[in-house]
Amino acid sequence: MIRRRRNTISRRLAMLQLASAGAVLSAPACSRLVGRTPRLRDDPFTLGVASGYPRPDSVVLWTRLLPRSDEPRGGWPAHVVPVEWEVAADEGFREIIRRGRAVAKADLAYSVHVEPVGLKPGRPYWYRFIAGGVRSPSGRTATAPSADVLPPRLRVAVASCQHYEQGLYVAYRHLVADAPDLVVHVGDYIYETGSAECYWTDSWNGYPAARQRLLDVLRQGVANPVVLSGDIHAFVVAELDAVAGDRGSGILASEFVTTSISSRGLPQTMVDAWLKENSNVRLARPDLRGYLRLDLEPGSLRTDLIAMNSVSDPAAGCRVLASYVVESGRAGPMCA
Ligand SMILES: [Fe+2]
């Protein structure tokens, strides 16, 4: 889904919830024409397909039809476009287990949001759309496990902030290779305007009362919380004190902030100067691009900070910058 800046704060904070775990991976492939007389000259699936919000019996499937980005209504001749969708149990779509029809409307920019139900928990599915005689790329998704099942491990990838003019999205190739069960996106999916004019005023520092209310809720209702966040274009690992800024109040939670996929960060020297007054911050690296890889197992959470070697080389490799463990019953990140 396309995110814009200045959305709600909820997108910046993602709490791990085992009950809602599942995969949100799509595997684009070349779209191809269906039938002998396609009604469109252009592929309407230029923006690809996506899925998310996995539940044990359902996922959300999404696409947006845009045959021609430089024409009124994206090149569609009509205000309402019928769209078919299919969910299959296999990658080759030999066993289609759900299908249906939806409509893409001009007043929703021809976006399509479908929620097939009756799926089986904890397994992969493949899905695609058909519009204007053209079949979309197929995507791979997965349902969440049953609420009464505790998987031996949940792997979560955390990503944020991609800006094509500032770097290639090579991190996603490594992220997909890690085969996460769930991808959590906590910052700008795509920039549609310039960069970060509200950069620091929309961080926690700009809302001390709201920050303390959240910390109070965590203290009262969550055992050993872990906060995942992003959108500051830097890796940050921190101990969150029960009272923000009061180091004597005790460590309440761990915070892992993912750096951006490609958006530039602040100068390292500037951040290093701030660190002298923030002893709860264990690491801060605005100079690197990448993502977080979390492995949650009964008893512990391991977090690897995956840093790209480059975002100008599409074949760039990556490295583990640092690894931390949060153990059950002990708040705060420890070096792994
Ligand atoms: Fe951002």
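Everything below is about the structure printed above this text.
What you see is a predicted model; the values in this text were computed from it and never measured. (Residues numbered from 1 in each chain as written. Predicted model: local features only at pLDDT ≥ 70, side-chain atom pairs only at ≥ 80, totals over all residues.)

K.L.:
Looking at this structure, how should I read the sheet that holds strand β18 (residues 300-308)?
P.N.:
Paired through backbone hydrogen bonds, the strands of a sheet run either parallel or antiparallel to each other. Strand order in the open sheet made by the six strands is β12-β11-β17-β18-β19-β20, with mixed pairing throughout. Both edges of this open sheet fall to β12 (182-185) and β20 (334-335), since each of them pairs with a single strand only. Of the pairings in the sheet, the one linking strand β19 (residues 318-327) to β20 comprises two bridges and is antiparallel in character. If you follow Y324 over to β20, its bridge partner there is C335. (Pairing = 2+ DSSP bridges. Helix = DSSP H or I, 4+ residues; strand = E, 2+ residues; numbered from the N terminus.)

K.L.:
Got a minute to help me understand the pairing of strand β8 (residues 124-131) in this structure?
P.N.:
In terms of burial, β8 is largely enclosed, as seven of its eight residues are buried. Here strand β5 (residues 80-88) pairs with β8 via five bridges, running antiparallel. If you follow V87 over to β8, its bridge partner there is Y127. The pairing of β8 with strand β10 (residues 139-142) spans four bridges and is antiparallel. (Buried ≥ 20, exposed ≤ 12 C-beta atoms within 10 Å, placed from the backbone.)

K.L.:
Mind showing me how you'd approach the sheet that holds strand β3 (residues 49-55) here?
P.N.:
As summarised here, the arrangement of the three strands in space is β3-β4-β7, forming an open sheet in which the pairing is antiparallel. The sheet is open, and its two edges are formed by β3 and β7 (111-114), each paired on a single side. Along the sheet, successive strands turn relative to each other by an average axial angle of 15 degrees, direction set aside. (Axes fitted to C-alpha atoms, helices over the stretch in contact; angles between N-to-C directions.)

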